Amino acid sequence: MTARRSGLGRGLEALIPKTERSSFTMVATGAVRPNPHQPRTVFGDEALESLAASIREVGILQPLVVREADDDSYVLIAGERRWRAAQAAGLDEVPAIVRQGDETSSLTEALIENIQREDLSPLEEAAAYQQLQEDFGLTHAEIGQRVGKSRAAISNSLRLLSLPPAIQALMREGRLSAGHSRALLGLEDFAYAIHVAEKAADEGWSVRQVEDAVRARVNAADEPAPRPKLTEVRPAAIIELEQRLQEQLGAPVKISYRNNKGRVTMRFTSLEQLEQIYRRFFGA
């Protein structure tokens, strides 16, 4: 199997800073080797398989960053998770930006400049944000500051990448808009989400129709409502802390608080997300 040369819309080159495009190329997957100084050593099998499935559907959205070694191989600077998933997907080649050294700060700034200047599709934009987060360690707030968007806007954009590959493929083909896709994020049942997405694409549903279908499904799954009772007013400080935890951890957080005691509940949708939560706490 050969790597797709284009990702979405105008293709991978839309994500590559103009100053880097001369060094963009396709390299043999087997010619790339991990950076021995890579601090991350754990890559969840389930998370990698999920990314591999996405790559099979829509290709690699973010090029690897590599440098040439003396033995005609390439050493990874950034993108090991994508490289491992590409291997799992059976790709013979992967897109890469070949750099002369390990310095990546200039690439970070060039990528940010490119996001601000290029007319990227929603998935291309989300992929660029993910590259800034995963490869260069920027938080959602830092990305937002640099590209002139709110922290919430960055988080919502990145959530598009958690959609099933089949839905991302409909977006790539232009049959489903970002608005339709964001509405589908409310469904935990991926099979039903794909069903709604395909129906919306085939029948030309509006975003409102998709929202109604999602709302009906969620309401049907809810348990019968308890008997009415007085609503307890939640302290503003608790609500603020809840929001900050969600932004820092990148996962839904619920704080139950009463009489100076309470409980913090977090939800995760993949082993990779659980690993990210762990690293946020312990810095491992």
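Description of the structure in this document. All values derive from a computational prediction rather than experimental measurement.

### Overview of helix H9 (residues 190-203)
Logical step 1: If you check H9, its first and last C-alpha atoms are 20 Å apart, about what 14 residues at 1.5 Å a residue would give, namely 20 Å.
Logical step 2: Looking at the buried positions of H9, the neighbouring elements they touch are helix H7 (165-172), helix H8 (178-184) and helix H10 (207-221).
Logical step 3: You can read the cap of H9 off the contacts: a side-chain oxygen lies 3.1 Å from the backbone nitrogen of alanine 191, and it is on aspartate 189.
Logical step 4: Just downstream of H9 lies glycine 204, where phi reads positive at about 70°.

### Some points on the sheet that holds strand E5 (residues 93-99)
Logical step 1: Reading across the sheet, the five strands line up as E1-E5-E3-E4-E2 and stay open at both edges, with mixed pairing between neighbours. Whereas interior strands pair on both sides, the edge strands pair on one side only; in this sheet they are strand E1 (24-28) and strand E2 (32-33).
Logical step 2: In this sheet, strand E4 (residues 74-78) lies alongside strand E3 (residues 64-68) in antiparallel orientation, the contact comprising four bridges. If you follow arginine 67 over to E4, its bridge partner there is valine 75.
Logical step 3: Packing against the sheet, helix H2 (residues 80-89) makes contact with E2, E3, E4 and E5, and its axis sits at approximately 125° to E4.

### Focus: the pairing of E3
Within a regular strand, side chains alternate between the sheet's two faces.
Logical step 1: Sheet topology places E3 next to E5; four bridges connect them, and they run parallel. The residue of E5 that forms the bridge with leucine 64 is alanine 96.
Logical step 2: Counting the residues in the hairpin turn of E3 and E4 gives five residues, including aspartate 72, whose phi is positive at 65°.

### Some words on a nonpolar patch on the surface
Logical step 1: On the surface, Val264, Met266, Tyr278, Phe281 and Phe282 cluster together into a nonpolar patch covering about 540 Å² of accessible area.
Logical step 2: Those elements that provide at least two residues to the nonpolar patch are strand E7 (261-266) and helix H12 (271-282).
Logical step 3: Along the chain, the position of phenylalanine 282 falls in helix H12.
Logical step 4: You can call phenylalanine 282 exposed: its relative accessible area is 60%.

### Some words on H12
Logical step 1: With twelve residues, H12 should cover 16 Å at 1.5 Å per step; its first-to-last C-alpha distance of 16 Å lies within 8% of that length.
Logical step 2: Listed as buried for H12 are Glu272, Gln273, Glu275 and Ile277.
Logical step 3: In this structure, the buried side of H12 is in contact with helix H1 (45-58), H2, helix H4 (122-134), helix H11 (236-249) and E7.

### With respect to the pattern of salt bridges
Logical step 1: One pass over the full model with this rule turns up twelve salt bridges.
Logical step 2: The salt bridge involving aspartate 202 is made with arginine 175; its shortest N-O contact spans 2.5 Å. Here the residue aspartate 202 occupies a position in helix H9, and arginine 175 occupies one in the loop between H7 and H8, the gap between them amounting to 27 residues.
Logical step 3: Owing to a relative accessible area of 58%, aspartate 202 belongs among the exposed residues under this scheme.
Logical step 4: Through salt bridges that share partners, Arg172, Glu173, Arg175 and Asp202 make up one connected network.

Definitions and cut-offs
Residues numbered from 1 in each chain as written. Predicted model: local features only at pLDDT ≥ 70, side-chain atom pairs only at ≥ 80, totals over all residues. Heavy atoms only, no water. Helix = DSSP H or I, 4+ residues; strand = E, 2+ residues; numbered from the N terminus. Expected span 1.5 Å × (residues − 1). Contact = heavy atoms within 4.5 Å. Polar contact = N/O pair within 3.5 Å; in protein donor to acceptor, adjacent residues only side chain to side chain. Pairing = 2+ DSSP bridges. Axes fitted to C-alpha atoms, helices over the stretch in contact; angles between N-to-C directions. Patch = residues over 30% accessible without salt bridge, like charges linked within 9 Å, V, L, I, M, F, W, Y side chains within 5 Å. Areas by Shrake-Rupley, 256 points an atom, 1.4 Å probe, with all protein chains shown as cover. Salt bridge = Lys/Arg side-chain N within 4 Å of Asp/Glu carboxyl O. Buried < 20%, exposed > 50% of the residue type's maximum accessible area, 1.4 Å probe, protein only.

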